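Listed here are the chains, written in short residue letters.
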Amino acid sequence: MRKTIDERVDDLESIYGDLPSLLNLRLDEVNGRLNLLDRQMAAMLRDMRDLRGGVTRQLIEQDKQIVALHVKLGALDKLLDEKLGVQDAKLDALDEMLDEKLGVQDAKLDTLDTKLDAILARLPKI
């Protein structure tokens, strides 16, 4: 069936009449999507700021702990040096005392060797 020109004109007029409301519906949908994107980006920015703040606080706390560890390690190093110095002095004294005692023992052994040689010299030779 063919439409008459009047029907065609009526159809065109109704389409032209509906265009502003159709365009408004489309624009409302686009605006809704843009608003949703805007809210999501704002939430993401808040999350990133929170994350940056958390990382900054964590780094500051780590720096404090590292400084405290360095102070403790410095004190332990100093204490260890003192203790090792005392131990070195004691070991040196012990080494000196052992050298003296070994010298006395060597002298006694030399005397014993001399006496043994004298005894062996008096024994008859076979």
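In this report, the structure presented in the accompanying data block is examined. (Residues numbered from 1 in each chain as written. Predicted model: local features only at pLDDT ≥ 70, side-chain atom pairs only at ≥ 80, totals over all residues. Heavy atoms only, no water.)

On to the overall build of the protein, then. A count of helical and extended segments in the protein gives one helix and zero strands. At 52 Å, the protein has a C-alpha radius of gyration far larger than the 14 Å of a compact globule built from 126 residues. Expressed along its principal axes, the backbone C-alpha trace of the protein runs to roughly 165 × 40 × 10 Å. Within the structure as shown, the protein displays about 12300 Å² of accessible surface, and the carbon and sulfur contribution to it stands at 62%. Positive and negative side-chain charges of the protein, numbering 20 and 26 respectively, have mean locations separated by a distance of 3 Å. (Helix = DSSP H or I, 4+ residues; strand = E, 2+ residues; numbered from the N terminus. Rg over C-alpha atoms; globule rule 2.2 N^0.38 Å. Areas by Shrake-Rupley, 256 points an atom, 1.4 Å probe, with all protein chains shown as cover. Lys, Arg positive; Asp, Glu negative; His and termini not counted. Charge placed at Lys NZ, Arg CZ, Asp CG, Glu CD.)

A full pass over the atoms with the stated rule returns two salt bridges. Salt-bridge contacts for Lys3 lead to Asp11; the nearest nitrogen and oxygen are separated by 2.9 Å. Salt-bridge contacts for Arg33 lead to Glu29; the nearest nitrogen and oxygen are separated by 3.1 Å. Placement of the pair is Arg33 and Glu29 together in helix α1 (residues 5–122), with a separation of four residues, close to one helical turn. (Salt bridge = Lys/Arg side-chain N within 4 Å of Asp/Glu carboxyl O.)

Another point: a negative patch on the surface. On the surface, Asp88, Asp92, Asp95, Glu96, Asp99 and Glu100 cluster together to form a negatively charged patch. Within the element layout of this structure, Asp99 appears in helix α1. (Patch = residues over 30% accessible without salt bridge, like charges linked within 9 Å, V, L, I, M, F, W, Y side chains within 5 Å.)

A separate point is the environment of Thr4. Inspection of the secondary structure puts Thr4 in the segment before α1. Sequence separation between Thr4 and Arg46 is 42 residues; the distance between their C-alpha atoms is 62 Å.

This part covers a nonpolar patch on the surface. Where nonpolar side chains cluster on the molecular surface, the patch consists of Leu12, Ile15, Tyr16, Leu19, Leu22 and Leu25 and spans about 620 Å² of accessible area. The residue Leu22 is located in helix α1 in this model. What makes Leu22 partly exposed here is its relative accessible area of 47%. (Buried < 20%, exposed > 50% of the residue type's maximum accessible area, 1.4 Å probe, protein only.)

In this model, α1 (118 residues) spans 162 Å end to end at C-alpha, consistent with the 176 Å of a helix rising 1.5 Å per residue. The principal kink in α1, of about 35 degrees, is found at Leu19, preceding the proline Pro20 by one to four residues. (Expected span 1.5 Å × (residues − 1). Bend = angle between axes of the 7 residues up to and from the residue.)

With that out of the way, let us pick up the environment of Leu94. Turning to its location among the elements, Leu94 is positioned in helix α1. What makes Leu94 partly exposed here is its relative accessible area of 41%. A C-alpha to C-alpha distance of 21 Å links Leu94 and Leu80, two positions 14 residues apart in sequence.

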